[in-house]
Every structure is written in structure tokens, then in C-alpha cells.
Amino acid sequence: MEELYAKYLKHPQICTDTRNIMPGCIFVCLKGERFDGNQFALQALEKGAAYVITEDPSLSNTPNCIVVNDSLKALQDLAKYHREHLTIPIIGVTGTNGKTTTKELISTVLSQQFSITYTQGNLNNHIGVPLTLLSIKPENQLAVVEMGANHPGEIEFLCNIAQPTFGVITNIGKAHIEGFGSVEEIIRTKKALYNAVIKNNGTLFVNVNDTILRDGLDYDKVVFYADGGEDNIISMSPYLRIKAANHEIDTHLTGSYNIYNFLAAAAIGLHFGINDDTIAKALSEYMPTNHRSQVNTLGSNTIISDYYNANPTSMEAAVRNISKLDHPHKVAILGDMLELGAISCQEHLHIIELCQELNIDATFVGSEFGKHKPAKWYPNVEALNEELIQHPIENAMILVKGSNGIHLDRLNALLK
């Protein structure tokens, strides 16, 4: 590993896609179900890669090719080795909902005063976490690493690579039950972040309102945040106006559930010595991306785009949120929640009944919702598009939410 690490220090740019080759980078040949990066090893060199890490034994005598048994493990081992040579604080972020938004808010606040590296997009898995760590440069003073999981033990595995010294779990809810098997297993998996931080004698940031996160936490280096909970929301119209960092802040996010993401970022900023004025300014200027609690005006409609992903916890929160907003015509277009396994049927029925209870004019998309025969249902986005072309929605506030696999981003009749 020392020899590979020496090459990395001279060529600290890692690439895994030949479409994004940068001159002088190290290209790692990864394999997936539908691709094999080893097939592009020579192409990567032709495009300017300094070295290629490959599993192809036929390239063992090819200059600048480093042949290994497992390219992914080599990437992970290199990232862990790099981490062990770093002395900067590493802030780990995980949770069922809101981890990407929280990571973005934390990074926005900390970047006001520090040189930081943070997870790009939602590259929070066994590939994304190593890539984030390997993007940390000598001049960086802090790093914010998002970690995701859909199977037991994954957070522990990622923490073994990232070795976080600070940690925040946004919340623990029902997601990826199909992979985890139970909510109890989700709790054990997510709390592995706490265990890793405690092992490193680090500091935990814990939502004081969340009993799941507080229960059984016997540790003295804890910063509790979000005192007052949703009472820190001043208004929603639909953007949140909040109380944080001793300021009243107008934000660019909708959704009452986002108050905890803002308050986590404020608490972490304060802990690292950033003053209230700077924290408030950063939170007010943050603009959401990737269809997470974004608000857009299209024609006569106001669209709340929250369809990056969905699970029972986030879906219920989004539906309850739109019910609280002041608008004469509120509509919800809700797509299936995927990867719920045995609880899928009951959770989809719960959302249908919740919309009825809250008098939300709801349209449902996907086979899981379809099992309950709701009044307004379409098997897929294409069918809904045809209906909206014939009968467009007008003068409405519209929540659009569902799992990525339902492809609500293709709702061209409404979103384009």
C-alpha cells in the first residue's frame, strides 16, 4: 500500500469513469452488474491517466498498470490509508431522511470560515465514501462525509474507512426495510456512526427531541441541538422562516421537517467557532438542488419538487407539510415507495388514508399504491402524463414525491 500511496500523493486525482478522465489522474477499474471498467484500462491511459488500477492480469506487464485482485478493495484500502495520515476533523453524517440536505447545510456553514471537502451529491456508499476521502487535499481543514446504507453493517464498514471524529444522525425511520429486515436492524446499523465517533473520543451532535437517538447514549462528549423543535419555525409560505443562531432567517427550503437539518448545521457551525451572523447568512443563502424540497413556479402552479427519493417517514412528513401550507388548491402527486419488503402494503395504504384524513387531493402512481385501488391512480408516469395533457392542473400548489425508480422526473406534462 505504501507504494500505491506514494503514487497517489503525486497524482491525487481519482477517476472511475473514462468519460471524466483528467490528465494525470489514477483511474480505478470498477466492475458492476452492467459494466466492467477493466475493459477501458488502456483507453484511460490513452486519455491521459497517469496510472490504472485494474484486475486484468493480461495488463501486468503494461506500463503504468497496477494489477490487483480486487480494484474496489484497493480503492477502499487506499482511502483508509489516506485517512490514517490525516489529522483534520472528519464529520460523519447519516440518517434515514435529510442526510444529504444536512451535509450540504453543514458544508455551507463551515465553508464560510474553513477550507473543506465534502461528499458531492449523494455519493455516500462503498465507492462514494472512499472517493470523498481521497479528494481531501493538504490545504483542507475539515471534511464532511455522508454515509448511506441499505443493508445491515454498511455504516460500520464505511466508518472503518472514514474513521469520523464527529458525527450526526439526522433521524432513523423506515427505509430499505427489504434490505435491513427490520427497523431494529436499521437502528443498529445507523448507530454504528455513534460507536465509531465514541471509539475515536470524538463529539456527537444529537437532536434533543429524538428519543431513538438519545436512548442508551451514555457518553459525555455530546452536543444536543434543536431545543424547541418545530417551535423554531416562524412561518411556511411555502419557504421556511426559522429561528436559528439567534436570528430570524428566511430560507430557500420548504418542509417543516427541514428545521432539524438547519439546526444541526447551526449547532455544528457554533461548535467550530463560527459566529451567529455568519451562520445565519450561510443558512439563508443555501439553495437546494436535486429535487429535494425545491419550490418552483411553473405557469399558474407552485411545484414542491421532493422526488429524489421516498420512504414512509419522509412521505408522511411531506404530506403533513403540504396540509399545513396556506393555499386554496393543494394537490399531491405521490409515487410508490420502493424497497419496503413485507411492510410495503400497509405503508402505502397508510399514505392513502393519510391523504384522505388531511383532505389532500392526491393522485397516486405505481403498482404498490395501485393494490389499494385509490380513486386517482396511474400505473406509471407515462399514463399520468397523457391525463395531464388532456386535463392540466391549474392554480394549484403541487407536491411531487416518490422513489427515484418511479421516475417522477419524467412528468413532462407538469414539470417542463
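A brief look at the structure comes next.

Procedures and definitions
Residues numbered from 1 in each chain as written. Predicted model: local features only at pLDDT ≥ 70, side-chain atom pairs only at ≥ 80, totals over all residues. Heavy atoms only, no water. Phe/Tyr/Trp six-rings, centres within 6.5 Å; stacked < 30°, edge-to-face > 60°. Helix = DSSP H or I, 4+ residues; strand = E, 2+ residues; numbered from the N terminus. Buried < 20%, exposed > 50% of the residue type's maximum accessible area, 1.4 Å probe, protein only. Lys NZ or Arg CZ within 6 Å of the ring centre and 35° of its normal. Pairing = 2+ DSSP bridges. Contact = heavy atoms within 4.5 Å. Axes fitted to C-alpha atoms, helices over the stretch in contact; angles between N-to-C directions. Core = buried A, V, L, I, M, F, W, Y, C linked by side-chain atoms within 4.5 Å. Expected span 1.5 Å × (residues − 1). Polar contact = N/O pair within 3.5 Å; in protein donor to acceptor, adjacent residues only side chain to side chain. Disulfide = S-S within 2.5 Å.

**Focus: the packing of aromatic side chains**
- Evaluated as defined, the whole model comprises 6 aromatic pairs.
- An angle of 80° between the planes, with centres 6.4 Å apart, marks the rings of F114 and F272 as edge-to-face. With F114 in the loop between α4 (99-110) and β6 (116-118) and F272 in the loop between α11 (259-271) and α12 (276-285), the pair connects residues that are 158 residues apart, well separated along the chain.
- Aromatic pair F166 and F205: ring centres 6.3 Å apart, planes at 25°, arrangement stacked. On the criterion of sequence distance, the pair formed by F166 in strand β8 (residues 166-169) and F205 in strand β9 (residues 203-207) is long-range, its members being 39 residues apart.
- F166 gets classed as buried once you look at its relative accessible area, which sits at 13%.
- The exposure class of F205 is buried, given its relative accessible area of 0%.
- Each residue in the set F114, F166, F205 and F272 is aromatic and connected to the rest through ring pairs, giving one cluster.
- A cation sits over an aromatic face here: R292 above Y308, 3.8 Å from the ring centre.

**Section: the sheet that holds strand β1 (residues 14-15)**
- Spatial ordering of the open sheet is given by β1-β2-β3-β4, a layout of 4 strands whose pairing is parallel. Every interior strand has two partners, whereas the edge strands, β1 and β4 (65-67), have only one.
- Pairing analysis gives 3 bridges linking strand β3 (residues 51-54) to β4, with the strands arranged parallel. Residue I53 lies in a different strand from β4, and its bridge partner there is I66.
- Against the sheet, helix α3 (residues 71-84) makes contact with β1, β2 (26-28) and β3, and its axis sits at roughly 120° relative to β3, the strand it touches most.

**Details of the nonpolar core**
- If you look at the biggest cluster of nonpolar residues, it comprises 61 residues, and the most contacted ones within it are L110, L283 and L334.
- If we ignore the near neighbours within four places in the chain, the residues touching L334 are M315, V319, I351, C355, T363, F364, V365, F369, L399 and K401.
- Judged by nonpolar contacts, the second largest core, of 45 residues, contains L134, I155, I172 and V197.

**Some points on the pairing of strand β15 (residues 301-305)**
- Taking burial as the measure, the 5 residues of β15 include 5 buried ones, the bulk of the element.
- Burial along β15 is two-sided: N301, I303 and S305 and T302 and I304, pointing in opposite directions, are all buried.
- Sheet topology places strand β14 (residues 294-298) next to β15; 5 bridges connect them, and they run antiparallel. What sits directly across from T297, in β15, is T302.
- Counted along the chain from β14 to the antiparallel partner β15, the turn is 2 residues long, and its residue G299 has a positive phi close to 65°.
- Bridge analysis of β15 against strand β19 (residues 397-401) gives 4 bridges, and the strand direction is parallel. Bridge pairing links S305 to V400 in β19.

**Re helix α13 (residues 312-324)**
- Taking 1.5 Å of rise per residue, the 13 residues of α13 would be expected to cover 18 Å, and the 19 Å separating its terminal C-alpha atoms lies within 8% of that figure.
- Along α13, the residues classified as buried are P312, S314, M315, A318, V319, N321 and I322.
- Residues of α13 that are buried make contact with β11 (233-236), β13 (247-254), β16 (330-335), α14 (344-357) and β19.
- Its side-chain oxygen placed 3.1 Å from the backbone nitrogen of T313, N311 serves as the N-cap of α13.

**Structural notes on the sheet that holds β14**
- An order of β14-β15-β19-β16-β17-β18 is seen for the 6 strands of this open sheet, with the pairing classed as mixed. Two strands close off the open sheet at either side, each with one partner strand: β14 and β18 (377-378).
- Sheet analysis places strand β17 (residues 361-365) next to β18, joined by 2 bridges and oriented parallel. Among the inter-strand pairings, V365 is bridged to a residue of β18, identified as Y378.
- Strands in contact with α13 are β16 and β19; relative to β19, the strand with the most contacts, it is inclined by about 175°.

**With respect to the state of the cysteines**
- In total, this model carries 0 disulfides according to the counting rule given.
- Left unpaired, C29 is separated from the closest cysteine sulfur, that of C65, by 7.5 Å.
- Overall, C29 belongs to the buried group, its relative accessible area being 0%.

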